[in-house]
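# Architecture at a glance
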Amino acid sequence: DYSISSIYPNPFNPTTTISFSIAELGLTTITVYDITGRELEILTNTSLNPGNYNIDWNASSYPSGVYLIRMDSGDFTQTQKVVLVK
């Protein structure tokens, strides 16, 4: 299955780990947005084999607040909220 299975810790300061699963070979993009929907960073934008992956996001250059982590892979899209507390 495709999924963002967990983001931990959440809330976090300043680094969090995003765990996700890919069901089929294909382009996978994980993007960070602020709460207004403005794109801040692309954490990965590459073709990945099926499996489980972890990626770290260091948000030390961003202010405290709510951020959205979006995963796009094939026809799958999922978004989760994370909270940065400084």
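A few points on the structure.

### Description of the sheet that holds strand S1 (residues 3–8)
- Spatial ordering of the open sheet is given by S1-S2-S5, a layout of 3 strands whose pairing is antiparallel. The sheet is open, and its two borders are formed by S1 and strand S5 (51–58), each paired with just one other strand. Each neighbouring strand pair of the sheet contributes to a mean axis angle of 20 degrees, computed without reference to strand direction.
- Summarising the sheet, strand S2 (residues 15–22) and S5 pair through 8 bridges and their orientation is antiparallel. Bridge pairing in S5 links Thr15 to Asn58.

### Focus on the pattern of salt bridges
- Overall, the coordinates contain 2 salt bridges when judged by the stated rule.
- Notably, a salt bridge pairs Asp34 with Arg38, separated by 3.0 Å at the nearest N-O pair.
- Looking at Asp34, the relative accessible area reads 11%, which means it is buried.
- With relative accessibility at 52%, the residue Arg38 sits in the exposed group.
- Residue Arg70 is joined to Asp72 by a salt bridge in which the shortest nitrogen-to-oxygen separation is 2.9 Å.

### A few points about the side chain of Thr44
- Locating Thr44 in the fold gives a position in strand S4 (residues 39–48).
- In this view, Thr44 contacts Thr28, Thr29, Ile30 and Ile55; residues no more than four positions away in its chain are not counted.

### Quick word on the pairing of strand S3 (residues 26–34)
- Of all 9 residues in S3, 8 are buried; the element is thus mostly enclosed.
- Pairing geometry for S3 and S4, over 8 bridges, is antiparallel. Bridge pairing in S4 places Tyr33 opposite Glu39.
- Two successive antiparallel strands, S3 and S4, enclose a turn made up of 4 residues, where Gly37 displays a positive phi of approximately 95 degrees.
- Pairing of S3 with strand S6 (residues 65–73) involves 7 bridges; the strand directions are antiparallel. When the bridges of S6 are listed, Asp34 appears paired with Tyr67.

Calculation criteria
- Residues numbered from 1 in each chain as written.
- Predicted model: local features only at pLDDT ≥ 70, side-chain atom pairs only at ≥ 80, totals over all residues.
- Heavy atoms only, no water.
- Pairing = 2+ DSSP bridges.
- Helix = DSSP H or I, 4+ residues; strand = E, 2+ residues; numbered from the N terminus.
- Axes fitted to C-alpha atoms, helices over the stretch in contact; angles between N-to-C directions.
- Salt bridge = Lys/Arg side-chain N within 4 Å of Asp/Glu carboxyl O.
- Buried < 20%, exposed > 50% of the residue type's maximum accessible area, 1.4 Å probe, protein only.
- Contact = heavy atoms within 4.5 Å.

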